[in-house]
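Letter by letter, the chains look like this.
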Amino acid sequence: MSDTAQIPGQVPLVGYLKLGENPHLTANQCVSCGARFFDRRNACASCFGTEFETVDIENEGEVRSFTIVSRAAPGVKVPFVAAVVDCGGTSVRGNIINTEPDPDHITLGMKVRLATYSLGTDDNGTEAIGFGYEPA
Amino acid sequence: MSASDDIWILGIHMTKFGKHPDLDTVDLGAEAAMGALNDAGVTMADIGILAAGNLMGNGAIAQQLQKQIGQTGIPVYNVANACATGATALRTAIMSVKAGESEMGLAVGVEKLAGAGLLGGGGQAKSDGTVYEPSGRFGSVMNTDGRVGTQTMPGVFAQVGMEYGHTYGGVDFELFARISEKNHSHSTLNPLAAYNKAMSLDQIMNDVMIAFPNTRPMCSANCDGAAAAVVTNGAKLKTLSLEQQRRAVKVSASILTSDPYQEACQVLPDVNTLTKRAAAQAYEAAGIGPEDLDLVELHDCFATAELVHYDNLGLCEEGGAVDFFNSGAPWRDGRLPVNVSGGLQSKGHPIAATGIANIWEICQHLRNENGDRQIEGAKVGLAHVIGLASACGVHILEKSAA
């Protein structure tokens, strides 16, 4: 895993989001079978191989499923669109952003691309950067 | 197969599902357990193993129940397997009987869930601190629920149904609402259901939206409830009364699976593959096919989930779930009634009780004891339950030949 603090003053929402000129996601890929994981594994869930390498995930994808969440836990802003996005064969969980959260604007199979946005700044002046997928 | 390899449900009981403010978890579980013992015509003196589940509890519900209904020193198992906890408890008792460690077992599932809110989301202890520090398996600096998709159950299962639509087409908001309309209609005949009022399509679609396309009545109802079953083997059954033999229900298959690796299972639980595998194993063990079923109770935790399980359980051809529903088949007067109890959307879903309560429903029909709700001539039924992430229980039950 590369250092998460890639940009001074910024921190990604999750460790597998890489910031910089070309923000993108990464995954731990099983060297034996190519299965990809966003978190650490001791052995591959698919083939039990124990060697992994970091690979980049494509930024462009297609919405394979979605839901528009209107009721959520306290502190979670609604409505938002949660989706499964197929990024070149790797399934990614993320929100659909930069469009209206209603069934007229979100459709199964729609083409999307990764986008980042600010989640706020902490007491040290560090800005958290989140990601989502916007219509392509 | 010798008679001692046959497994039979000798007695089974479910409590009224709903609100039980005057009963605690042990009271409710004991009511179900005593009901099952009475139904079986036995006492705790006959029971050689107890398996019990209570997901929200302290992990010792089996011992607590013994103290409430009879402490005999038998081995007990406290089981937990999410929404499949009840089925897992039953299967634990069955395995003990099959292994010859006991002749008779008791399985109990109980939950107090009335008034519980959304399950599954925002549950991390960590709050959004004022200094961002990566932590946890994903190195996240704040709660990811709502920022990286959703972790709440209505949203997760909404995506399960929508994904089916993406693969096979033909799904929309109204289709899912009509599935819920069916189950709410069925519930009007079930006095033990938490909610037993019919709801029109308009009412369902215009109710509070929780996670599109699931509105509130399309979500399983959090409630209190318990269910319990007594199981025995064929050799023991033969020593019991003719009445006990006549009312016993044969467990033709008792299957439990977990989810095998699938590419997308780390981002959206795969509730399909393990259900398909469990169904295939169950049909093989029972020596029957889906065409032999007279009724099915499947895990409609959300309307969007019911659709995919028509397909997963082989009730229709692959990709044919929408056509299967539109044909009217799963209505109680249809070709293969599904969730005539009202399903989790109206009967309610006291998590650990659900995997035994659905078997109770099937048994009532096979014994021809289900009153107004009876599916006439029912001889074979299937009960399915799934818990994230993930466990699937499938039981096939057959009417006694006696």
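Small disclaimer: the values here were computed from a predicted structure and weren't measured.

K.L.:
A description of the overall build of chain B should follow, citing residues and the corresponding values.
P.N.:
Along its length, chain B carries 13 helices and eleven strands. For chain B, buried positions account for 60% of its 402 residues. In chain B, the share of contacts with a sequence separation of at least 24, taken over all contacts with a separation of at least 6, comes to 76%.

K.L.:
Describe the interface of chain A and chain B, listing the residues and the values that go with them.
P.N.:
The interface of chain A with chain B comprises 45 residues on the first partner and 38 residues on the second. Secondary-structure elements contributing two or more residues to the side of chain A that touches chain B are β6 (60–69), β7 (80–87), β8 (90–96) and β10 (127–135) of chain A. Of the residues forming the side of chain A that touches chain B, the biggest block, six residues, is contributed by β6(A). When grouped by side-chain class, the residues that make up the side of chain A that touches chain B number 23 nonpolar, 14 polar and eight charged. Pairing of β6(A) with strand β5 (residues 209–212) of chain B involves two bridges; the strand directions are antiparallel. Bridging across to β5(B), I68(A) finds its partner in F212(B).

K.L.:
Quick one: what's the story with the nonpolar core, residue by residue and with numbers?
P.N.:
Most often, soluble globular proteins keep nonpolar side chains buried together rather than apart. Residues and elements named next belong to chain B. Core analysis: the biggest nonpolar cluster contains 163 residues, and V108, A228, A229 and V231 have the highest contact counts within it. Here this core takes ten residues from helix α13 (residues 351–366), the largest share from any one element. Sequence-distant contacts of V108, that is, excluding residues within four places in its chain, are made with G29, A32, A33, A52, L65, A89, A226 and A228.

K.L.:
Can you tell me about the confidence of the model for chain A, naming the residues and giving the values?
P.N.:
For chain A, per-residue confidence averages 94 on the pLDDT scale, and residues scoring 70 or more make up 96% of the total. Low confidence marks residues 1–5 of chain A, where pLDDT is under 50. Its contacts with residues over four positions away, or in another chain, come to nine contacts.

K.L.:
Tell me about the environment of T99(A), and please be specific about residues and values.
P.N.:
Residues and elements named next belong to chain A. Structurally, the position occupied by T99 is in the loop between β8 and β9 (111–121). Once the C-alpha coordinates of T99 and V81 are considered, the two residues, 18 residues apart in sequence, prove to be 9.6 Å apart. The residues touching T99, leaving out its near neighbours within four places in the chain, are H105, E134 and P135.

K.L.:
Can you tell me about the confidence of the model for chain B, naming the residues and giving the values?
P.N.:
On average, residues of chain B carry a pLDDT of 95, and 97% of them reach 70 or more. Taken together, the chains of this predicted complex give a pTM of 0.94 and an interface ipTM of 0.93.

K.L.:
Go over unusual backbone geometry with me, naming the residues and quoting the values.
P.N.:
Omega for the bond connecting L388(B) with A389(B) falls within 30 degrees of zero, at -5°, which places this linkage in the cis form. Relative to the elements of secondary structure, A389(B) occurs in the loop between β10 (380–387) and β11 (391–398). In this model, F48(A) sits at a positive phi of 70°, which is unusual for a non-glycine residue. Structurally, F48(A) is set in the loop between β4 (36–37) and β5 (52–56). Even without glycine at this site, N339(B) takes up a positive phi of about 60°.

K.L.:
Let's hear about the pairing of strand β4 (residues 104–111) of chain B: which residues, and what values?
P.N.:
All names here are of chain B. Counting buried positions over the eight residues of β4 gives eight, a clear majority of the element. Because side chains alternate across β4, one face comprises the buried residues M104, L106, V108 and V110, and the other comprises G105, A107, G109 and E111, equally buried. As defined by bridge partners, strand β2 (residues 49–53) adjoins β4 across five bridges and the pair is classed as parallel. Bridge assignment links G53 to a residue of β4, and that residue is G109. As paired strands, β4 and strand β7 (residues 225–233) are joined by eight bridges and run antiparallel to one another.

Conventions and cut-offs
Residues numbered from 1 in each chain as written. Chains lettered and ligands numbered in written order. Predicted model: local features only at pLDDT ≥ 70, side-chain atom pairs only at ≥ 80, totals over all residues. Helix = DSSP H or I, 4+ residues; strand = E, 2+ residues; numbered from the N terminus. Buried ≥ 20, exposed ≤ 12 C-beta atoms within 10 Å, placed from the backbone. Contact = placed C-beta atoms within 7 Å. Nonpolar A, V, L, I, M, F, W, Y, C, P; charged D, E, K, R; others polar. Pairing = 2+ DSSP bridges. Core = buried A, V, L, I, M, F, W, Y, C linked by C-beta atoms within 7 Å. pLDDT = per-residue confidence, 0-100.

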